[in-house]
Amino acid sequence: MNGHDGSDILDHTIRLKADRFTPIDASHLTTGDVLSVEGTPLDLRRVKAIGAGISSDHPQMRFASGYDHNLVLNCADGTLREFALVKSERTGIVLTASTTEPGVQLYTGNFIHEDAAPHGKGGILYPRFAGFCLEAQNYPDAVNHPGFPSPVLRKGEAYHQKTVYKFSLDT
C-alpha cells in the first residue's frame, strides 16, 4: 500500500479485533491451544506499526520469523463483521476487512529473500516483509483439534462464507 517501489510494510499500522490466537510450534504446526494475545507481539488490538513486534524475541515470532499466525476473531458468530484496519502512513491508503470466518491468518512476507526472489513489476526485487496477507479462514489444522470449530462439511450441507476487503484514502 506504500506503492510499487520495493519497500517493506513495517511502517504500516494495523489493528485486528482478536483477543486470542492459535499458537504454533517450532515446526510451524498449530499446537491445538488457543491463547490470549495479551503481552505478546500478537496483541494487535490497538493500532500499532507492523514492524513494532515483528523482530521480537517472543517464541511465536522466532518460530515464524515474523507474523505467520492465525488470530481468533472476536464475535465469531458467522455474521459479517469488520476485523481489520491497516493503513499506509506514507500514502494514506486504508484497508478495512470484514468476514464471516472465525479466524484470520496474518502473514508478513517473512520468507521473501531479495537475492532469491523473482523480479516483480518493472524488475523490482521484493525484500523480506515486502507485503502482508490477511487470510480469513477457519483455524489451521482444525480437523485434528476437537476444540477448534469444525471444518467438516457433511453430505447435504452447504458452506457459505464472505470476506470483504475495502480500500479507501485517508486524506
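To start, this report covers the structure provided alongside it. (Residues numbered from 1 in each chain as written. Predicted model: local features only at pLDDT ≥ 70, side-chain atom pairs only at ≥ 80, totals over all residues. Heavy atoms only, no water.)

### Some words on the overall build of the chain
Short version of the rule: Counting from the N terminus, the helices are DSSP H or I runs at least four residues long and the strands are E runs at least two residues long. What the globule rule says is 2.2 Å times the number of residues to the power 0.38, and the radius of gyration is computed from C-alpha atoms. Only protein chains enter the accessibility calculation, which uses a 1.4 Å probe; a residue whose area is less than 20% of its type maximum is buried, one above 50% is exposed, and one in between is partly exposed.
Helix and strand content of the chain: one helix and ten strands. For the chain, the N- to C-terminal ordering of α and β elements is β-β-β-β-α-β-β-β-β-β-β. Expected size for 171 residues packed as a compact globule is a radius of gyration near 16 Å; at 17 Å, the chain falls within 12% of this value. Based on the C-alpha atoms only, the size of the chain along its principal axes is roughly 50 × 35 × 30 Å. The 171 residues of the chain split such that 38% are buried.

### Digging into the packing of aromatic side chains
Applied cut-off: Pairing of aromatic rings covers Phe, Tyr and the six-membered ring of Trp, with a centre-to-centre limit of 6.5 Å; geometry is then stacked below 30 degrees between planes, edge-to-face above 60, and tilted otherwise.
For the coordinates displayed, the defined rule picks out one aromatic pair. Taking the centre distance of 5.0 Å and the plane angle of 75 degrees together, the rings of Y139 and F148 count as edge-to-face. For the residue pair Y139 and F148, the accessibility class agrees, reading buried in each case.

### Topic: the pairing of strand β7 (residues 93–99)
Selection rule: Paired strands, as defined in this entry, are two strands with at least two bridges between them according to DSSP.
For β7, the tally of buried residues reaches six of seven residues, placing the bulk of the element in the interior. Pairing analysis gives six bridges linking strand β6 (residues 81–87) to β7, with the strands arranged antiparallel. Bridging from a neighbouring strand, E82 pairs with S98 of β7. Turn length for the β6-β7 hairpin, with the two strands adjacent in sequence and antiparallel, is five residues, and the turn residue G92 shows positive phi of about 80 degrees. Sheet topology places β7 next to strand β10 (residues 163–169); seven bridges connect them, and they run antiparallel. Bridge pairing links A97 to Y165 in β10.

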